[in-house]
Amino acid sequence: MSSVVDICNEAMDLLGAATISSLTENSKEARLCNRKFSISRDTVLRAHPWNAAIARAELAADSTPPAFGFSKQFQLPTDPYCLRVLSYWNTNVNNDLAAYDSNKMFKIEGRKILSNDDACKIIYISRLEDTEDYDALLSNAIAHRLAADTAYAITGSNSVAQQMFSIYESRLKEAKGVDSMEGYPEQPVADYFIDIRY
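Note that this is a predicted model, so its numbers are computed, not measured.

J.: Teacher, can you tell me more about helix H4 (residues 158–180) here?
T.: In an α-helix there are 3.6 residues to a turn, and that puts residues three or four apart on one side. With 23 residues, H4 extends 33 Å from end C-alpha to end C-alpha; this agrees with the ideal 33 Å at 1.5 Å per step. Among all positions of H4, only Ala161, Met164, Tyr168, Leu172, Ala175 and Asp179 are buried. Lining the buried residues of H4 we find helix H1 (4–15), helix H2 (28–46) and helix H3 (136–155).

J.: Just checking my understanding: could you explain the packing of aromatic side chains for this structure?
T.: The geometry of an aromatic ring pair is captured by two quantities: the separation of the ring centres and the angle between the planes. Inspection of the entire model under this criterion finds two aromatic pairs. Between Tyr88 and Phe106, the ring centres sit 4.8 Å apart and the planes meet at 20 degrees, which makes this aromatic pair stacked. Placement of the pair is Tyr88 in strand S3 (residues 82–89) and Phe106 in strand S4 (residues 106–109), with a sequence separation of 18 residues. Ring plane angle 50 degrees and centroid distance 5.7 Å describe the contact between Phe165 and Tyr168, whose orientation is recorded as tilted. In this pair, Phe165 and Tyr168 both sit in helix H4, three residues apart, roughly one turn of the helix. Look at Tyr168 and you get buried, because its relative accessible area is 3%. A cation over a ring is seen here: Arg111 above Tyr81, with NZ or CZ 4.0 Å from the ring centre. Here the basic side chain of Arg127 rests over the ring of Tyr81, its NZ or CZ set 4.2 Å away from the ring centre.

J.: In this structure, what is going on with the sheet that holds strand S1 (residues 54–59)? I would like to understand it.
T.: Each strand in a sheet pairs with its neighbour through backbone hydrogen bonds, running either in the same direction (parallel) or in the opposite one (antiparallel). Here we have three strands laid out as an open sheet, ordered S1-S6-S3, and antiparallel in their pairing. With partners counted over all chains shown, the strands left at the sheet margins are S1 and S3, one partner each. Sheet twist, expressed as the average angle between the axes of neighbouring strands with direction ignored, equals 35 degrees. As paired elements, S1 and strand S6 (residues 120–126) share six bridges and run antiparallel to each other. The residue bridging Ala57 from the neighbouring strand is Ile122, located in S6. On top of the sheet, H2 reaches S3 and S6; it is set at about 20 degrees to S3, its chief contact.

J.: How should I be thinking about H2 in this particular structure?
T.: Compared with the 27 Å implied by 1.5 Å per residue over 19 residues, the 27 Å span of H2 between its first and last C-alpha is a close match. Maximal helix bending in H2 amounts to about 45 degrees, located at Lys36. What H2 keeps buried is the set Glu29, Ala30, Leu32, Cys33, Phe37, Ser40, Arg41, Asp42, Val44 and Leu45. In this structure, the buried side of H2 is in contact with H1, S3, S6, H3 and H4.

J.: Can you help me understand the sheet that holds strand S2 (residues 72–75) in this one?
T.: Taken in spatial order, the three strands make up an open sheet running S2-S5-S4, and their pairing is antiparallel. Sheet topology places S2 and S4 at the edges, where each strand pairs with a single neighbour. Here the average twist between neighbouring strands, direction ignored, is 25 degrees. Here S2 runs beside strand S5 (residues 112–115); their pairing, made up of four bridges, is antiparallel. Opposite Gln75, over in S5, you have Lys112 as the bridge partner.

J.: Please explain the pattern of salt bridges as it appears in this structure.
T.: In a structure, side chains of opposite charge can pair up when their charged atoms sit close to one another. For the structure shown, the criterion picks out five salt bridges. Residue Lys112 pairs with Asp62 through a salt bridge whose shortest N-O separation is 2.4 Å. In this pair, Lys112 is assigned in strand S5 and Asp62 in the loop between S1 and S2, connecting sequence segments 50 residues apart. On the accessibility criterion, Lys112 (23% relative accessible area) is partly exposed. Asp62 sits in the partly exposed class, given a relative accessible area of 24%. Among the salt bridges present, the one from Asp149 reaches Arg145, with a minimum N-O distance of 3.2 Å. Of this pair, Asp149 and Arg145 both sit in helix H3, four residues apart, which is roughly one turn of that helix. Judged by relative accessible area, Asp149 falls into the partly exposed class, the value being 24%. Each of Arg41, Asp42 and Arg127 takes part in a single network of salt bridges with overlapping partners.

Calculation rules
Residues numbered from 1 in each chain as written. Predicted model: local features only at pLDDT ≥ 70, side-chain atom pairs only at ≥ 80, totals over all residues. Heavy atoms only, no water. Helix = DSSP H or I, 4+ residues; strand = E, 2+ residues; numbered from the N terminus. Expected span 1.5 Å × (residues − 1). Buried < 20%, exposed > 50% of the residue type's maximum accessible area, 1.4 Å probe, protein only. Contact = heavy atoms within 4.5 Å. Phe/Tyr/Trp six-rings, centres within 6.5 Å; stacked < 30°, edge-to-face > 60°. Lys NZ or Arg CZ within 6 Å of the ring centre and 35° of its normal. Pairing = 2+ DSSP bridges. Axes fitted to C-alpha atoms, helices over the stretch in contact; angles between N-to-C directions. Bend = angle between axes of the 7 residues up to and from the residue. Salt bridge = Lys/Arg side-chain N within 4 Å of Asp/Glu carboxyl O.

This is the structure in structure tokens:
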């Protein structure tokens, strides 16, 4: 399994840079990795509903409702931290097919979900901080994103930075493809606009 330092060193290897022994050592590479790793990781995690990062939560309504438009608001989870809401759960749908109701009205504003429902259950991408939970392809995708994000600072070359981003996109596509093959895919529930065509 990869540690944060392992992932950072994979990124540095891609750039032909010096490897590091810790994020706190006094080197340019370590300072860049320390500053950029979390952003690169969160960017990759937000890009796809990774099986390893999916979490569920039932949220309690805030005591103060929104100013207008909706009757309830709910704070997005912080433990684990919500990076992206995937679906708004509703018990009125066939959960063998989908975990959401396409006719439900909700809106995300800042760190709140606004809705007219008394209860709010969501499936979301969490900030997966324990690198032991990453599979090899996810670790590799994060390393390539980190290489792309630090390429110009390390090499001073725009062409290298562009090349690293292109390679990252290829690695991300591969990792997403494999991850998507695990488990039964959710099927969207047809809404009025789909049904009316038939």
